[in-house]
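Here's the letter readout for the chains.
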Amino acid sequence: MMFCGTEDPFGQLGTAVLAVLPLSFLCTGRAWGAEKPLARHANLSLSFFSSSVSHSQITRLYSRFTSLDKGENGTLSREDFQRIPELAINPLGDRIINAFFPEGEDQVNFRGFMRTLAHFRPIEDNEKSKDQNGPEPLNSRSNKLHFAFRLYDLDKDDKISRDELLQVLRMMVGVNISDEQLGSIADRTIQEADQDGDSAISFAEFVKVLEKVDVEQKMSIRFLH
Amino acid sequence: MEENREDHGLAEGKILSVWMILFVALILLPSIFRVSLGISHFYVKIVIKILEWATLQIEEGVKKQKAMALENLISTGIIQRDETPMEEEIVGRCQGCFSLADIMYFSKKGCEAVAEDEVTPRFCSEELLSWNLLSRTNANLHHVSWKLAAVWVTGIIIRYCLLLPFRICLSVFSVLLLVLATTVVGQFPNGRVKGWLSNQVQMICATLGVRCLSGLVHFHNRENKPQEGGICVANHTSPLDVLILASDGCYSLVGQVHGGFMGLIQKSCMQTSQHVLFERSEMKDRHLVRKKIREHIADKAKLPILIFPEGTCINNTSVMMFKKGSFEVGGTIHPVAIKYDPRFGDAFWNSTKHSVMTYAFNVLTSWAIVCNVWYLPPMVKEEEEDAVHFADRVKAVIAAQAGMSVLPWDGGLKRKKVKESFKEEQQKKYCQIVIQNVSVENRNIC
């Protein structure tokens with residue numbers, strides 16, 4: 001083709017077409033890159049899940065993680081969680097969001113995300129795997145109760161004090177109950193649970209109070225394959 | 001040398017004239033008279049065959065690799081939600097008192113929302129059951145077979161090198177035509193001739209626009225088409241909705257003021273017909289808009305108003321809350337349901353992620369835009385009904401026709417935070433369960 005400036009429209013069209021080709025391959029090059037982060041995560045031993053979790057569940061949850069990650073930097077911030085309307089209207093939304101973040105950090109990666117959700121896997125899944133000698137799985141009854149305990153324990157001192165209980169109660173009921181009523185509810189709860197007389201609820205006392213509660217049913221989410 | 005150039009020039013001249021004749025005969029004339037030559041239908045059939053073959057390839061490849069179950073990967077949800085209401089879950093040892101276990105209900109609901117929620121997926125593109133050979137939708141798939149890769153590469157070449165330049169030329173032509181024609185018609189004195197001319201100009205440019213996207217639109221129930229003095233409401237997926245509806249009828253538009261390319265088109269349209277434009281963030285504007293709409297429909301000679309009550313683009317899998325403003329005004333509502341076929345290309349405009357130009361590029365490099373438009377029978381607000389209930393009724397009708405789910409959530413959640421009042425509702429509900437018998441509590445030992 002002769003490139004003679006404005007007199008050769010078809011030459012120009014041809015050049016334009018040839019220019020678009022490499023551009024299009026650049027765009028498609030993006031597509032292959034999208035698979036790599038998941039491969040990295042899948043190779044991580046997500047051992048706290050035990051062997052009964054399926055590859056497709058991890059893939060689906062990774063899709064979910066990336067769709068929440070608006071900053072596209074591989075981690076979630078608190079704002080990313082607050083963007084979920086159903087979580088934002090949950091009275092204990094902030095405490096739940098806090099449970100995802102490790103001590104003192106503002107970002108959670110996929111491993112941390114899965115770790116927190118792992119607490120809610122049904123307990124019967126553990127019976128399928130015969131790993132009796134490994135560490136206690138995250139979704140055991142005891143660990144589920146520990147998760148709930150940590151939601152109350154605001155300062156992480158392994159005790160639920162009267163103040164902490166009041167604060168959490170206030171989150172749950174909003175402005176609909178007076179301070180005195182709330183105080184009496186808190187007092188009665190501590191009175192029933194406290195056995196060693198320190199006016200606070202330790203984890204062992206917490207477990208004792210809830211020994212008749214069907215924790216498996218109340219704190220399990222069925223993950224579909 | 002000079003002879004060569006002359007021959008070259010003559011040959012080019014001939015090719016150019018052939019192109020022009022083809023262009024006029026195959027595209028311009030059918031658009032003016034709104035006749036379909038069936039080329040789009042044929043093209044779409046071929047693309048469907050290719051996609052079905054590709055699906056088979058992927059399924060076979062997956063069986064060989066025993067990697068992941070493709071059907072289950074996308075079509076079902078991530079978790080099965082527990083729908084038991086709060087009252088049943090929070091039942092302590094005694095009715096109407098607080099138990100330390102109550103926190104479990106909230107933590108479970110919270111984590112369910114983190115794993116999968118109803119609202120945030122509506123603001124990004126729909127996931128597909130099977131890959132449609134567009135590179136932008138293959139986030140989770142591995143290399144399956146060489147045949148598939150070859151077809152994919154051929155698809156790229158066809159779409160980017162053959163269809164894209166052609167579509168760009170055609171869309172540039174139609175935008176220029178729109179701007180010129182509306183400027184010319186805008187000079188005419190107001191009257192019936194101007195009205196008729198501006199209608200024709202709008203419809204021709206819209207039809208040309210649909211052609212340049214390789215658009216295939218099926219209109220159903222044309223007898224229910226919106227009449228003068230009515231309000232036409234439809235579910236909103238992208239600016240293409242306007243283009244598609246405008247190719248089959250003339251409307252006055254109500255919409256958000258845009259800058260740039262969209263602003264240019266808006267300004268040209270404003271020259272020939274009455275449209276209502278507003279700024280989303282202006283509180284005062286809302287009352288003004290309502291006033292203008294009222295005046296507009298009172299004048300029976302004016303074109304029907306086209307409104308998208310969702311207020312923003314949703315990804316065509318569900319219909320979100322209809323804002324009650326347009327349902328309070330009175331007048332007949334003509335619902336229209338628009339459903340795109342996602343296999344051929346994603347029509348949804350994610351305005352938080354893509355600019356108009358990126359979106360236009362994506363649309364122009366898809367296979368095609370195939371959609372169904374249903375005109376539904378007109379509806380009127382009943383005497384005892386309030387606007388919110390009426391809006392929900394219309395929304396249910398549209399969703400049922402298009403096969404989409406209904407969500408009570410506000411489309412504005414794409415950009416705004418959810419209102420505090422919803423949280424307060426949840427708190428109130430919990431209170432009612434916990435302090436059912438306040439006086440009983442004080443007497444009994446729980």
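Keep in mind that what you see is a predicted model, and the values were worked out from it rather than measured.

### Observations concerning the UniProt feature "transmembrane region" (unreviewed entry) in chain B
Residue and element names in this part refer to chain B. Sites flagged by UniProt as "transmembrane region" (unreviewed entry) map to residues 15-33 and 169-188. Helix makes up 100% of residues 15-33 and strand 0%, with an end-to-end C-alpha separation of 26 Å. Split by type, residues 169-188 is 90% helix and 0% strand. Its first and last C-alpha atoms lie 29 Å apart.

### Notes on the packing of aromatic side chains
Residues and elements named next belong to chain A. Under the definition given, this model contains 20 aromatic pairs over all chains. Their ring planes at 25° and their centres at 6.3 Å tell us that Phe110 and Phe113 sit as a pair that is stacked. One end of the pair is Phe110 and the other is Phe113, both in helix H7 (residues 110-118) and three residues apart, which spans about a single turn. Ring centres of Phe149 and Phe203 lie 5.4 Å apart, and the angle between their planes is 70°; on these two criteria the pair is classed as edge-to-face. Here Phe203 lies in helix H12 (residues 203-209) and Phe149 lies in helix H9 (residues 141-152), a separation of 54 residues in the sequence. Relative accessible area serves as the criterion here: at 0%, Phe149 is assigned to the buried category. Classification of Phe203 as partly exposed rests on a relative accessible area of 22%. An aromatic cluster of three or more residues is present, and its members are Tyr62, Phe65, Phe81, Phe100, Phe101, Phe110 and Phe113. The lysine or arginine in question, Arg78, covers the ring of Phe101, its NZ or CZ lying 4.3 Å from the ring centre.

### Some remarks on helix H10 (residues 162-173) of chain A
With twelve residues, H10(A) extends 16 Å between its outermost C-alpha atoms, agreeing within 8% with the 16 Å of an ideal straight helix rising 1.5 Å per residue. When H10(A) is considered as a whole, its buried residues turn out to be Glu164(A), Leu165(A), Val168(A), Leu169(A), Met172(A) and Val173(A). The buried residues of H10(A) all sit within an arc of 155° when viewed along its axis, so they share a single face. Residues of H10(A) that are buried sit in contact with H9, strand S1 (159-160) and helix H11 (179-193) of chain A together with helix H5 (102-115) and helix H14 (420-434) of chain B.

### A word on the side chain of Glu205(A)
Residue and element names in this part refer to chain A. Relative to the helices and strands, Glu205 is located in helix H12. Among buried charged residues, Glu205 stands out as having no salt bridge; its nearest opposite-charge side chain is Lys159, 7.0 Å away. Within the structure, the side chain of Glu205 is placed 3.0 Å from the backbone nitrogen of Ser202, a separation counted as a polar contact. Excluding anything up to four places from it in sequence, Glu205 contacts Ala193, Asp194, Gln195, Asp196 and Ala200.

### Comments concerning the confidence of the model for chain B
Residue and element names in this part refer to chain B. Here chain B averages 80 in pLDDT, while 87% of its residues score no lower than 70. Segment residues 66-74 is flagged for pLDDT under 50; beyond a separation of four residues in sequence, or across chains, it makes 18 contacts in the model. Of the regions scoring below 50 in pLDDT, residues 437-446 engages in twelve contacts with residues more than four places distant in sequence or in other chains. Scored as a whole, the predicted complex attains pTM 0.78, and scored at its interfaces, ipTM 0.80.

### Observations regarding the sheet that holds strand S2 (residues 215-220) of chain B
Residue and element names in this part refer to chain B. Here seven strands make up an open sheet; going across it, the order is S2-S9-S8-S3-S6-S4-S5 and the pairing mixed. Bordering the open sheet on either side are S2 and strand S5 (276-278), each of which pairs with just one other strand. With direction set aside, neighbouring strand axes in the sheet form an average angle of 20°.

### Thoughts on the confidence of the model for chain A
All names here are of chain A. On average, chain A scores 78 in pLDDT, and the residues at 70 or more come to 72%. Across residues 1-5, where pLDDT falls below 50, the model places nine contacts with residues more than four positions away in sequence or in other chains. Segment residues 26-37: pLDDT under 50, and eleven contacts once partners within four positions in sequence are set aside and those in other chains are kept.

Reading the values: the criteria
Residues numbered from 1 in each chain as written. Chains lettered and ligands numbered in written order. Predicted model: local features only at pLDDT ≥ 70, side-chain atom pairs only at ≥ 80, totals over all residues. Heavy atoms only, no water. UniProt positions renumbered as here; feature names shortened; annotations may be inferred. Helix = DSSP H or I, 4+ residues; strand = E, 2+ residues; numbered from the N terminus. Phe/Tyr/Trp six-rings, centres within 6.5 Å; stacked < 30°, edge-to-face > 60°. Buried < 20%, exposed > 50% of the residue type's maximum accessible area, 1.4 Å probe, protein only. Lys NZ or Arg CZ within 6 Å of the ring centre and 35° of its normal. Expected span 1.5 Å × (residues − 1). Arc of directions from axis to C-beta. Contact = heavy atoms within 4.5 Å. Lys, Arg positive; Asp, Glu negative; His and termini not counted. Salt bridge = Lys/Arg side-chain N within 4 Å of Asp/Glu carboxyl O. Polar contact = N/O pair within 3.5 Å; in protein donor to acceptor, adjacent residues only side chain to side chain. pLDDT = per-residue confidence, 0-100. Pairing = 2+ DSSP bridges. Axes fitted to C-alpha atoms, helices over the stretch in contact; angles between N-to-C directions.

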